[in-house]
Amino acid sequence: MSNFSNVSRRRFVKLAAASSGAVLLKGCLGNPPDTTATTAATVGSAALPAANVGTGETPEVTTIKLGFIPIVESAPLVIAKEKGFFDRYGMTGVEVSKQANWASARDNVVIGSAGGGIDGGQWQMPMPHLITEGIITNGNKVPMYVLAQLNTQGNGIAISGMNRQKGMGLKINDPEYVKGFERNQGRKFKAAHTFPNVNQDFWIRYWFASSGVDPDSDIDLLAVPPAETVQGMRTGTMDAFSTGDPWPYRIVADDIGFMSILTHQMWKFHPEEYLALRADWVDQNPKATKALLKAVMEAQQWCDDPANRQELVQICSGRNYFNVPSEVLTAPYEGKYALGDGKPEVNDFKAGPLYWKDDIGSVSYPYKSHDLWFLTETMRWNFHNGAIQDFDMARNLIDRVNREDLWLEAAKEAGFAAADIPTSTSRGIETFFDGVTFDPENPEAYLASLKIKRA
Ligand code: CA
């Protein structure tokens, strides 16, 4: 039940508007007053000089423009800026630029910062691979490098209130309830994500298909701005929303609906969003790239210290970043999720967004095996008219885009703990909540094991 006042509801509407992409904020946000000179000294190994940390190399440039979307995934970029980690590694002119939506981020990276766009930033997967191949940029190929994963988990599938008590949990107990919607309600069961053919589309497709509901034919599944989706959930014209924190918290707290599943329940420690830059920027500025990486990695370590989470919430909720009441971020950052619809609450720090390490590997290191899952899923659903044709093409593309080698160099130069540095580009066999496994050595077997697919 809601424990939120009308004031909270009004704030929520504001949050919805801020996330809807209705307002173009590109490049004109500015940043908060620069407090980094004083904060840097308070973080980590304070004895280090402000620049030339690690191998003592001076970066080729000190500026870059990084796009972010105001959701928990972007926290390492925000924290690296606000806590002075970029400055410490000599990147004193990093601009962290709020993007109106994913399409804007994509368009801005094609333009590049020289043209008023961005050099890279935060991405859902496999956007960097698709942009590299021109698949989602009208054939305009802009090679990109994936440099680090920003976070894991922190997403989920929300169901509107009108579908309460229908057995919509990890599994859909009665798939015929969903499939029979058109017959019984006069319209198909309607589900939304914020951008097609990337993470949140994959999560909801996987969940539906696991219960025998075909996301292409049994329901309507489409990209809709969050504000419109949430309004539709209130008024009974939208049934499901595949979304990230803090939406799962708000939808339950404001009594709009409930959570059928959190993504950490679907795939524990699953890959989520990534840091990727234009390849030309990286090739021209290899030292600056590693300086950025070291700063982001240090920010990720800072983010994962439970003692820092309250400050993280204060910083990220700020006007120039997520622009939400801080209380909507507190619960997810404590791993506390009320699911609603009679489901037990989740209360586990490791169920929420994680940034540096989890129980089975590195969060920050970009495993090639995870890129392969995203491209396998792209093939599964025949996205982009089959533009990713086979596993040879997928692996070739991953080898061009994934620069885990730069991550390793940066981590070693920065002197991060050897135990935190992976020794394989594969995290190994992945297991999903329904018992399906993905062996990166044999993605063909995974694809063959799936009942609902287009490939
Ligand atoms: Ca996400």
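Residues numbered from 1 in each chain as written. Predicted model: local features only at pLDDT ≥ 70, side-chain atom pairs only at ≥ 80, totals over all residues. Heavy atoms only, no water.

Caption draft 1: Representation of the overall build of the chain in the model. A count of helices and strands for the chain gives 20 helices and 14 strands. Evaluated residue by residue, the chain yields a buried proportion of 59% over its 455 residues. (Helix = DSSP H or I, 4+ residues; strand = E, 2+ residues; numbered from the N terminus. Buried < 20%, exposed > 50% of the residue type's maximum accessible area, 1.4 Å probe, protein only.)

Caption draft 2: Layout of the coordination of the calcium ion. The calcium ion binds to the protein through Glu73 (OE), Asn155 (OD1), Gln200 (NE2), Glu272 (OE) and Glu273 (OE); the donor distances cover 2.2 to 2.9 Å. Of note, the donors binding the calcium ion are all from one chain and are spaced E-x81-N-x44-Q-x71-E-E. You can see Glu73 sitting in the loop between strand S1 (63-68) and helix H3 (75-82) and its partner Glu272 sitting in the loop between helix H12 (263-266) and strand S10 (274-278), a full 199 residues away along the chain. Glu73 gets classed as buried once you look at its relative accessible area, which sits at 0%. In this structure Glu272 comes out as buried when scored by relative accessible area, which is 0%. (Donors = N, O, S within 2.8 Å, 3.2 Å for Na, K, Ca; no water.)

Caption draft 3: Representation of the pattern of salt bridges in the model. Inspection of every chain in the model, using the stated rule, returns 26 salt bridges. For Asp107, the salt bridge is made with Arg106, and the minimal N-O distance between the two is 3.0 Å. Between Lys368 and Asp399 there is a salt bridge, with its nearest N and O atoms 2.9 Å apart. Of this pair, Lys368 sits in helix H17 (residues 368-380) while Asp399 is found in helix H18 (residues 391-401), placing the two residues 31 residues apart along the sequence. (Salt bridge = Lys/Arg side-chain N within 4 Å of Asp/Glu carboxyl O.)

Caption draft 4: Representation of helix H15 (residues 309-316) in the model. Taken residue by residue, H15 has Arg309, Leu312, Val313, Ile315 and Cys316 as its buried positions. What you see down the axis of H15 is that its buried residues fit within an arc of 165°, all on one side. Those residues of H15 that are buried are in contact with H3, helix H14 (286-303) and helix H16 (327-333). (Arc of directions from axis to C-beta. Contact = heavy atoms within 4.5 Å.)

Caption draft 5: Looking closely at the pairing of strand S8 (residues 240-244). Counted residue by residue, S8 has 5 buried out of 5 residues, so it is predominantly covered. Burial along S8 is two-sided: the face carrying Ala240, Ser242 and Gly244 and the face carrying Phe241 and Thr243 are both buried. Here strand S5 (residues 155-160) runs beside S8; their pairing, made up of 5 bridges, is antiparallel. Looking at the pairing, Ala158 lines up with Phe241 of S8. Pairing of strand S6 (residues 190-193) with S8 involves 2 bridges; the strand directions are parallel. Within S8, the residue paired with Ala191 across the bridge is Ala240. (Pairing = 2+ DSSP bridges.)

Caption draft 6: Region of interest: the sheet that holds strand S3 (residues 120-123). Read from one edge of the open sheet, 5 strands run S2-S1-S3-S10-S4, paired in mixed fashion. Of all the strands in the sheet, the pair left with one neighbour each is strand S2 (93-98) and strand S4 (144-149). Averaged over all pairs of adjacent strands, the angle between strand axes in this sheet comes to 25°, irrespective of strand direction. Two strands pair when backbone bridges link them, and S3 and S10 are joined in this way by 4 bridges, in the antiparallel orientation. Counterpart to Gly120 in the pairing with S10 is Leu277. With respect to the sheet, H14 is in contact with S1, S2, S4 and S10, its orientation differing from that of S4 by roughly 25°. (Axes fitted to C-alpha atoms, helices over the stretch in contact; angles between N-to-C directions.)

Caption draft 7: Layout of the sheet that holds S6. Judged by pairing direction, the sheet is mixed, and its 5 strands sit side by side in the order S7-S6-S8-S5-S9 without closing on themselves. Of all the strands in the sheet, the pair left with one neighbour each is strand S7 (220-223) and strand S9 (257-262). The mean angle between the axes of side-by-side strands here comes to 25°, regardless of whether they run parallel or antiparallel. Where helix H10 (residues 226-235) meets the sheet, it contacts S5, S6 and S8, and its direction lies at approximately 140° from that of S8.

Caption draft 8: Layout of the pairing of S4. S4 sits mainly inside the fold: 6 of its 6 residues count as buried. Where S4 lies against S10, 5 bridges are found, and the strand directions are antiparallel. By the bridge assignment, Ala148 is partnered in S10 with Leu275.

Caption draft 9: A look at unusual backbone geometry. Residue Met125 is joined to Pro126 through a cis peptide bond whose omega torsion reads 0°. With an omega of 5°, the peptide bond running from Asp245 to Pro246 counts as cis. For Gln153, which is not glycine, the phi torsion reads 65° and is therefore positive. With respect to the secondary-structure elements, Gln153 resides in the loop between S4 and S5.

Caption draft 10: Spatial organisation of the packing of H3 against H14. Remark: H3 packs on H14, axes separated minimally by 8 Å, with the N-to-C direction vectors making an angle of 105°. Judged by the inter-axis angle, H3 sits roughly perpendicular to H14. Of H14, the residues touching H3 (which contributes Ala75, Pro76, Leu77, Ile79 and Ala80) are Ala295, Val296, Ala299, Gln300, Trp302 and Cys303. Each residue belonging to the contact of H3 with H14 can be placed in one class, and the counts come to 10 nonpolar, 1 polar and no charged. (Parallel < 35°, antiparallel > 145°, perpendicular 65-115°, else oblique. Nonpolar A, V, L, I, M, F, W, Y, C, P; charged D, E, K, R; others polar.)

Caption draft 11: Fine view of helix H9 (residues 199-210). Its 12 residues give H9 an end-to-end C-alpha distance of 16 Å, which sits within 8% of 16 Å, the value for a rise of 1.5 Å per residue. Most of H9 is tucked away, with 12 of its 12 residues classed as buried. Buried within H9 we find Asn199, Gln200, Asp201, Phe202, Trp203, Ile204, Arg205, Tyr206, Trp207, Phe208, Ala209 and Ser210. Positioned one or two residues after H9, Gly212 has a phi angle of 85°, which is positive. (Expected span 1.5 Å × (residues − 1).)

Caption draft 12: Quick look at the environment of Arg427. Position of Arg427 among the secondary structure elements: in the loop between helix H19 (404-414) and strand S13 (430-431). Separated by 13 residues in sequence, Arg427 and Pro440 have C-alpha atoms that sit 8.6 Å apart. Aside from chain neighbours lying at most four places away, what touches Arg427 is Trp267, Lys268, Phe269, His270, Asp358, Ile360, Tyr367, Ser369 and His370. Within polar-contact distance, the side chain of Arg427 engages the backbone oxygen of Phe269 at 2.8 Å. (Polar contact = N/O pair within 3.5 Å; in protein donor to acceptor, adjacent residues only side chain to side chain.)

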